[in-house]
Amino acid sequence: MAATKEILALAVETGDALLRNGAEVYRVEDTVMHILEAYEIRDYDVYVLSNGIFASANEDRDDACSMVRHVPLGSTHLGRVAALNQLSREICAHTCPLAQAWQRLDECRNIPYNRPSVQIASCGVGCACFSYLFGGALIDAAFALLIGALLQLLLLLLSAHKTSKFLKNILGSAAVTTLALCLLMSGAPVQYDKIIIGDIMPLVPGIALTTSIRDFFNGDYLSGAIHMIDAVLTAFCIAVGVGFVIKIYRSLMGGAFL
């Protein structure tokens, strides 16, 4: 029988990896408990927040142990989440020994993101589609595609320099608005507002807001509040970036848009 500490460490590390890559709080908690039960740990307590995991096992025995993990709010990687979910299913089906589970866990955590070129192209296409969806013409969608690709390139560069998420949102939204207004000033027949709306969509905290609402419905009020604050602050940063550039434009152009 494996040591309680090793089993608890595996369960907590799996939950940590899930939480870091965008899994919901209740799913992380459920996964940790199922892994403990799969390895015959019956006396345990697990508490998961949006940015932390608290777990203990066999508190009334000599091999009792407890663990705490701080998990910063990060980006979403659904490929890793899917791989970790599959790993937990195999553990619960008793088809994955403990030593192999550690190896598989490392493989899941090291699944890479898509290549930068794929991310840039995908962001551009997504922005173009949103611009057209919100009432833009084909020319607006075409320019939104170009600006969206440049936005993703900027975000990748900022991420490489460890820039904070809030500053990235401010700079990204400001850059998008600046480019859209430059098109307007050049005389291009575009609807600048549709371009801006389409191009700020990659920055909009949709996942954080949805997760927050789900946490509230599940009774995880503290986790829901954390995600809600994150979503509100992100939206505020986007508004600051867009509003600041528009304010400067209105001041330079005499206070009125064309």
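Now for a description of the structure that goes with this document. (Residues numbered from 1 in each chain as written. Predicted model: local features only at pLDDT ≥ 70, side-chain atom pairs only at ≥ 80, totals over all residues. Heavy atoms only, no water.)

## Observations regarding the overall build of the protein
Step number 1: Helix and strand counts for the protein stand at ten helices and three strands.
Step number 2: Mapped in sequence order, the helices and strands of the protein form the string α-α-β-β-β-α-α-α-α-α-α-α-α.
Step number 3: In terms of overall size, the protein is more extended than a compact globule, its C-alpha atoms giving a radius of gyration of 23 Å where 258 residues would be expected to give roughly 18 Å.
Step number 4: For the protein, the C-alpha atoms occupy an extent of roughly 75 × 35 × 30 Å along the three principal directions.
Step number 5: For the protein, the proportion of contacts with a sequence separation of at least 24, taken over those separated by at least 6, is 65%.
Step number 6: For the protein, the exposed area adds up to about 13500 Å²; of that, 64% sits on carbon and sulfur atoms.
Step number 7: Charge separation in the protein, taken as the distance between the mean sites of 18 positive and 23 negative side-chain charges, equals 11 Å. (Helix = DSSP H or I, 4+ residues; strand = E, 2+ residues; numbered from the N terminus. Rg over C-alpha atoms; globule rule 2.2 N^0.38 Å. Contact = heavy atoms within 4.5 Å. Areas by Shrake-Rupley, 256 points an atom, 1.4 Å probe, with all protein chains shown as cover. Lys, Arg positive; Asp, Glu negative; His and termini not counted. Charge placed at Lys NZ, Arg CZ, Asp CG, Glu CD.)

## Topic: helix α8 (residues 192-200)
Step number 1: The buried count for α8 comes to seven of nine residues, which makes it a mostly enclosed element.
Step number 2: Along α8, the residues classified as buried are Tyr192, Lys194, Ile195, Ile196, Gly198, Asp199 and Ile200.
Step number 3: Against α5 (116-133), α6 (138-160), α7 (165-185) and α10 (221-252) lie the buried residues of α8. (Buried < 20%, exposed > 50% of the residue type's maximum accessible area, 1.4 Å probe, protein only.)

## What to know about the sheet that holds strand β2 (residues 52-57)
Either a parallel or an antiparallel arrangement is found when strands of a sheet pair, and the pairing is made through backbone hydrogen bonds.
Step number 1: An order of β1-β2-β3 is seen for the three strands of this open sheet, with the pairing classed as antiparallel. Whereas interior strands pair on both sides, the edge strands pair on one side only; in this sheet they are β1 (44-49) and β3 (65-70). Taking each pair of neighbouring strands and ignoring which way they run, the sheet shows an average axis angle of 5°.
Step number 2: Relative to β2, β1 is paired through six bridges, and the arrangement is antiparallel. Its bridge partner being in β2, Leu49 is matched across the sheet by Gly52.
Step number 3: Against the sheet, helix α1 (residues 4-20) contacts β1, β2 and β3, and its axis sits at roughly 20° relative to β3. (Pairing = 2+ DSSP bridges. Axes fitted to C-alpha atoms, helices over the stretch in contact; angles between N-to-C directions.)

## Let's talk about unusual backbone geometry
Step number 1: Even without glycine at this site, Glu40 takes up a positive phi of about 65°.
Step number 2: On the secondary structure map, Glu40 appears in the loop between α2 (25-38) and β1.

## As for the side chain of Thr4
Step number 1: By secondary structure assignment, the location of Thr4 is in helix α1.
Step number 2: Taking the relative accessible area as the measure of exposure, Thr4 reaches 5% and is therefore buried.
Step number 3: In terms of polar contacts, Thr4 uses its side chain to reach the side chain of Asn58, at 2.9 Å.
Step number 4: Leave out the neighbours within four places in its chain, and Thr4 touches Ile41, Ala57, Asn58, Asp63 and Cys65. (Polar contact = N/O pair within 3.5 Å; in protein donor to acceptor, adjacent residues only side chain to side chain.)

## Digging into the environment of Tyr249
Step number 1: Mapped onto the elements of the fold, Tyr249 is located in helix α10.
Step number 2: Each C-alpha atom of the pair Tyr249 and Cys182 lies 9.8 Å from the other, and the pair is 67 residues apart in sequence.

## Notes on the nonpolar core
Step number 1: Ranked by internal contacts, the top residues of the largest apolar core, which has 37 residues, are Leu8, Leu10, Val28, Leu36, Tyr39 and Ile91.
Step number 2: Of all the secondary-structure elements, those providing two or more residues to this core are α1, α2, β1, β2, β3, α3 (78-92) and α4 (98-109).
Step number 3: It is α1 that provides the largest number of residues to this core, a total of nine residues.
Step number 4: Apart from residues lying up to four places away in sequence, Val28 is in contact with Gly15, Leu18, Leu19, Ala23, Val48 and Ile53.
Step number 5: Residues Ala144, Leu155, Leu184 and Val190 belong to the second largest nonpolar core, which totals 21 residues. (Core = buried A, V, L, I, M, F, W, Y, C linked by side-chain atoms within 4.5 Å.)

## A word on the packing of aromatic side chains
Each pair of aromatic rings is reported with the distance of its centres and the angle of its planes.
Step number 1: Applying the stated criterion across every chain yields a total of three aromatic pairs.
Step number 2: Between Phe130 and Phe134, the ring centres sit 6.4 Å apart and the planes meet at 20°, which makes this aromatic pair stacked.
Step number 3: Take Phe134: its relative accessible area is 39%, and that puts it in the partly exposed class. (Phe/Tyr/Trp six-rings, centres within 6.5 Å; stacked < 30°, edge-to-face > 60°.)

## Let's talk about the packing of α3 against α4
Step number 1: Across the interface, α3 lies against α4 with an axial gap of 9 Å and an inter-helix angle of 165°. With respect to α4, the axis of α3 lies roughly antiparallel. Seen along the crossing, α3 lies across α4 with a hand that is right-handed. Residues Arg80, Ala83, Leu84, Leu87, Glu90 and Ile91 of α3 touch α4, and the partners they reach there are Ala101, Arg104, Leu105, Cys108 and Arg109.
Step number 2: Grouping the amino acids of the contact of α3 with α4 by side-chain chemistry returns seven nonpolar, no polar and four charged. (Parallel < 35°, antiparallel > 145°, perpendicular 65-115°, else oblique. Left-handed = near helix turned anticlockwise from the far one by under 90°. Nonpolar A, V, L, I, M, F, W, Y, C, P; charged D, E, K, R; others polar.)

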